[in-house]
Amino acid sequence: MGISYHGGAECTEKAGFLPQRTQRNHRGFTEKKHRVIVMRIFSGKFRGRVLKSPKDADVIRPTQGYLREAVFNICQHSVEGAEFLDLFAGTGAIGFEALSRGAKHVTFVDSSREAIKYIKENARILGVEKNVTIIYGDAFKTVAKLAKRGMKYDIIYIDPPYAKKKHHDASGEIYSGDKALITAEDNGLIAPSGTVFVEGPRSGWDDNIDIKTLSLESSRSFSDSALRHFKKLKSPPAFNISA
């Protein structure tokens, strides 16, 4: 599948940014220097390659280095040949890391035109246009559309903006990451033996999330972030009962 556009890294510091600094300009006024992102691929065939990313880390928050390491430590034996879905993709750091480590194909989804621009540029820089699908649009609606096309994903990474922790719908208020997880499960988007990661702030999600075909394998906290790892439950064997 070639690169398609739909309408609708390791960093200098372990945390992923160069810190904010202040300095005086030529007029003597103090200026605030934004955190500068230098995103690099950690491992695989693109190891060390620099990804395009916004100069201001507050524009698009990339998945920080230690979180990416944690994700691929968990799924290192299942990423080879995988269909990978990067929801709320941002700069695409997670998805491109997956491609570097042998994923067959990555679908990137984001509702920010700025994010889509960086994903397109990074796909060209790495020469992986044939291995990616890039979708501009709402994550929840896109999940339903992908399901209608019969798509199944071996690994799904869900990382909604921390500033938009809650999703509001007819059922009430729910953490956006949980809503995306439930939507992916309800639409049958998770492949048998599939894995789902949900990144989010350390607080704000429901510990009693209503999932039916997934088990929570682990939950880890990192600074102001948390990472939950879900695994598709194995279906019980079918019994052929004859008279």
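Described below are features of the structure shown in this document. (Residues numbered from 1 in each chain as written. Predicted model: local features only at pLDDT ≥ 70, side-chain atom pairs only at ≥ 80, totals over all residues. Heavy atoms only, no water.)

Some remarks on the overall build of the protein chain
What counts, and what does not: Here a helix means four or more residues in a row that DSSP labels H or I, a strand means two or more in a row labelled E, and each is numbered from the N terminus. Values of accessible area rely on a 1.4 Å probe in the Shrake-Rupley scheme; residue burial ignores everything except the protein chains shown.
The secondary structure content of the protein chain amounts to 5 helices and 16 strands. As displayed, the protein chain offers around 12600 Å² of accessible surface, 49% of which is attributable to carbon and sulfur atoms.

Side note on the nonpolar core
Stated precisely, the cut-off is as follows: In plain words, nonpolar cores are sets of buried Ala, Val, Leu, Ile, Met, Phe, Trp, Tyr and Cys residues tied together by side-chain atoms within 4.5 Å. Relative accessibility thresholds used throughout: buried, under 20% of the residue-type maximum; exposed, over 50%; partly exposed, between the two (1.4 Å probe, protein chains only). Two residues form a contact once any of their heavy atoms are found within 4.5 Å.
The biggest cluster of nonpolar side chains holds 35 residues, and the ones touching the most others in it are Phe96, Phe108, Val128 and Leu227. Contributing elements (two or more residues each) for this core: helix H1 (65–74), helix H2 (93–100), strand S9 (105–110), helix H3 (113–126), strand S10 (132–136) and strand S11 (153–158). Setting aside anything within four residues of it in sequence, one finds Val128 in contact with Phe46, Phe96, Leu99 and Ala123. Within the second largest apolar cluster, 27 residues are counted, among which are Ala139, Phe140, Val143 and Leu189.

Digging into the pairing of S10
Rules: Any two strands with at least two DSSP bridges between them are considered paired.
In terms of residue burial, S10 counts as a mostly covered element, since 5 of its 5 residues are buried. Burial of the side chains of S10 extends over both faces: Val132, Ile134 and Tyr136 are buried on one face and Thr133 and Ile135 on the other. Bridge count between S9 and S10: 5 bridges; the pairing is parallel. From the neighbouring strand, Phe108 faces S10, where its bridge partner is Ile134.

Examining the pattern of salt bridges
For the record, the criterion: Salt bridges are counted wherever a side-chain nitrogen of Lys or Arg sits within 4 Å of a carboxyl oxygen of Asp or Glu.
Inspection of every chain in the model, using the stated rule, returns 5 salt bridges. The salt bridge involving Glu97 is made with Arg68; its shortest N-O contact spans 3.2 Å. Of this pair, Glu97 sits in helix H2 while Arg68 sits in helix H1, and the two are 29 residues apart along the sequence. The exposure classification of Glu97 matches that of Arg68, with both residues buried. Among the ionic contacts, a cluster of salt bridges with common partners joins Arg68, Glu97 and Arg101.

A look at helix H5 (residues 176–186)
Along H5, 9 of the 11 residues are buried, which leaves the element largely enclosed by surrounding structure. Once H5 finishes, Gly188 follows within two positions and takes phi at roughly 65 degrees, a positive value.

Digging into the environment of Lys52
On the secondary structure map, Lys52 appears in the loop between strand S7 (50–51) and H1. Sequence separation between Lys52 and Ile125 is 73 residues, and the spatial gap between their C-alpha atoms is 8.6 Å. Excluding its chain neighbours within four sequence positions, the residues that come into contact with Lys52 are Thr91, Tyr118, Glu121, Asn122 and Ile125.

Here's the deal with a positive patch on the surface
Spelled out, the test is: Patches here: salt-bridge-free residues with over 30% relative accessible area, like charges joined within 9 Å, nonpolar side chains (Val, Leu, Ile, Met, Phe, Trp, Tyr) joined within 5 Å. For the purpose of charge, His is not counted, nor are the chain termini; Lys and Arg are scored as positive and Asp and Glu as negative. To locate a charge, the coordinates of NZ of Lys, CZ of Arg, CG of Asp or CD of Glu are taken.
Together, Lys141, Lys145, Lys148 and Arg149 make up a region of like positive charge exposed at the surface. Mapped onto the elements, Arg149 comes out in the loop between helix H4 (139–148) and S11.

Note that all results are geometric; they support no functional claim without further evidence.
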